[in-house]
Amino acid sequence: MSTVTQTTTKTTRTPLPATLEDELEQLLGDRFTTAEAMRRQHGEGESFHANQPPDAVVFPQSTEEVSAIARACHRHDVPMIGFGAGTSLEGHVAALRGGVTIATSGLTRLVELNPEDMDCRVEAGMTRKGLEEHLKGTGLFFPIDPGADASLGGMAATGASGTTTVRYGTMRENVLGLTVVLVDGTVIRTGGRARKSSAGYDLTRLFLGSEGTLGIITEVLVKLQGIPEAIASAVCSFPTLADAVDAVIYAIQTGVPVARVELLDEVQMDAVNRYSDFDYPVRPTLFFEFHGTAAGVEEQSGEVAEIAKELGGTDFAWATLAEERSRLWAARHEAYYASLALRPGSRGWATDVCVPISTLAECLLKTREDIDAEGLLAPIVAHAGDGNFHVLFIIDPDDAEEMARAKRVNTRMIEQAIAVGGTCTGEHGVGFGKIPYVRAQHGEAVDAMRSIKEALDPKGLMNPGKVVE
């Protein structure tokens, strides 16, 4: 296994040229700002990484304006950083070399909706919940649920996924095409509405997960799904983490099409109970959801309930009404804030890995033991159906000794994941927080990634210091 080498990210900053400020102000008016409060607001996501604000923030309202901004910044050799809803976790939006943050919050139009073909095109600033509103009454929904009300452009840029991945896949399986502004302002469209194509390189998937290092995504063409006839959610606790993971593995191996299956360890369940006013057992717990016909949901849930029972699981606690399911999944999505409430005044360092599902129990248990041995407070949540698990270190970033312990656990967890054929991040992305682990995972392939970056962005202006050095 490759040894992780810590690297230093280039952070040289140069002042914004006055001529560029004048040009952007003339183009955008009061949608160009250098106000400190606005710059700091756009200098960090939802993580412990230090705030690194840009020199200016712009709020375009069309692809054409993004193109004009890119042309101006390119002429002046000024870095550009894309910003969606600010929910990223690995420092993706930090302006490491200053420059201009391009906020897509003004790009919120539903460009086209094609119910018969079950697809739609939206601007990048449209949020997941905003799209839900547009789809009301159509019988359709967009299945990717990362928890946060992230923007669709940000979700595409980070290759997001979430609680429904086990059934519906990630953004890579649900995005048909993109509109992207390249570093010099050139606008390209990738993909298309056909469900398959053998025409040329797959540029859509090149830009998916590229974290704004190759271009700024301004539109996303996504697949939609039909709303299931029946939906049922259930909660079941287990004696051990291993029992809970085994229940998931057996359910998947028997072919049950589970829509969601989330695993919360006992530390996380204690936090959820306190924060969301539940009284679940403080034990490793699975949150299930089943989609399909009424008969299909009954059959699926019955099979899984039997598997859970054989492994010491409790009887299912059901939530079938929409409001009950909403409360249940709201508690799951609020796990981050519930964890922070365990230690008021703390910050959260959320990290993730993804491993082959057969190794999930082993990796989870080793990580839990490592956390406890280091004396850290760190709940674990897993998208158990796809082998992706998250550790949330509840920390004081100003405590160097505590940070060192957390970094040790994080490094060992990632090295273990890579050793079993997994990845250093299943859905959080690289940003600059996980750059040291990319070569450990990909080896010489990192040089190929860098070649692509240099070909599309020879000046290194697109979100510099992220993904690859």
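Refer to the structure above for everything that follows.
Scope of this entry: the structure provided in the associated data block. (Residues numbered from 1 in each chain as written. Predicted model: local features only at pLDDT ≥ 70, side-chain atom pairs only at ≥ 80, totals over all residues. Heavy atoms only, no water.)

## Some thoughts on the nonpolar core
Among the nonpolar cores identified, the biggest contains 53 residues, and Leu263, Leu286, Phe389 and Phe393 are the most heavily contacted of them. Apart from the residues within four sequence positions on either side, Leu263 is in contact with Leu241, Ala244, Val245, Thr285, Leu286, Leu364, Ile380, Val381, Ala382 and Ala384. Counting residues in hydrophobic clusters, the runner-up holds 26 residues, among them Phe142, Met155, Phe207 and Leu224. (Core = buried A, V, L, I, M, F, W, Y, C linked by side-chain atoms within 4.5 Å. Buried < 20%, exposed > 50% of the residue type's maximum accessible area, 1.4 Å probe, protein only. Contact = heavy atoms within 4.5 Å.)

## Overview of the packing of helix H16 (residues 435-442) against helix H17 (residues 445-456)
One way to put it is that H16 packs onto H17 with a least axis distance of 8 Å and a crossing angle of 120°. Overall, the two elements H16 and H17 adopt an arrangement that is oblique. Taking contact as the criterion, the partners of Val438, Arg439 and His442 in H16 are, on H17, Ala445, Val446, Asp447, Met449 and Arg450. Tallied by class, residues from the contact of H16 with H17 come to 4 nonpolar, 1 polar and 3 charged. (Axes fitted to C-alpha atoms, helices over the stretch in contact; angles between N-to-C directions. Helix = DSSP H or I, 4+ residues; strand = E, 2+ residues; numbered from the N terminus. Parallel < 35°, antiparallel > 145°, perpendicular 65-115°, else oblique. Nonpolar A, V, L, I, M, F, W, Y, C, P; charged D, E, K, R; others polar.)

## Looking at the sheet that holds strand E10 (residues 216-223)
The strand order E5-E6-E10-E8-E9 describes an open sheet built from 5 strands, whose pairing is antiparallel. Edge positions in the open sheet fall to strand E5 (110-114) and strand E9 (187-191), since each of these has one partner strand only. On average, each strand axis in the sheet is tilted by 10° relative to the strand beside it, whichever way the strands run. In terms of strand pairing, E5 meets strand E6 (residues 119-123) through 4 bridges, oriented antiparallel. What sits directly across from Leu110, in E6, is Val122. Its contacts with the sheet place helix H3 (residues 63-75) against strand E8 (175-181), E9 and E10, and it is angled at close to 45° to E8. (Pairing = 2+ DSSP bridges.)

## A look at empty space enclosed by the protein
All chains considered together, the criterion is met by 1 cavity of 30 Å³ or more. Estimates place the volume of the largest cavity at around 40 Å³. Looking at the largest cavity, the residues that line it are Gly43, Glu44, Gly45, Ser47, His49, Ala50, Gly91, Val93 and Ala94. Here the lining of the largest cavity is built from residues that sort into 3 nonpolar, 5 polar and 1 charged. (1 Å grid on protein atoms, 1.4 Å probe; cavity = no way out; pocket = protein on both sides within 12 Å on 5 of 7 lines; lining within 4 Å. Points joined across faces, edges and corners; volume = space filled by probe spheres on them.)

## Some remarks on helix H1 (residues 18-28)
Those residues of H1 lying buried are Leu20, Leu24 and Leu28. For H1, the angular spread of buried residues about the axis comes to 45°, placing them on one side. In H1, the exposed residues that point more than 90 degrees away from the buried face are Ala18 and Gln26. Buried residues in H1 make contact with strand E1 (32-33), strand E2 (56-58), H3 and strand E4 (100-103). One or two positions beyond H1, positive phi appears at Gly29, with a value near 65°. (Arc of directions from axis to C-beta.)

## Quick notes on the side chain of Asp265
Position of Asp265 among the secondary structure elements: in the loop between strand E13 (260-264) and helix H10 (266-276). Using a relative accessible area of 1% as the deciding quantity, one classes Asp265 as buried. Within the local environment of Asp265, its side chain forms a polar contact with the side chain of Arg368, the two groups lying 2.5 Å apart. With residues up to four places along the chain from it excluded, the contact list for Asp265 reads Leu241, Arg283, Pro284, Arg368, Pro379 and Ile380. (Polar contact = N/O pair within 3.5 Å; in protein donor to acceptor, adjacent residues only side chain to side chain.)

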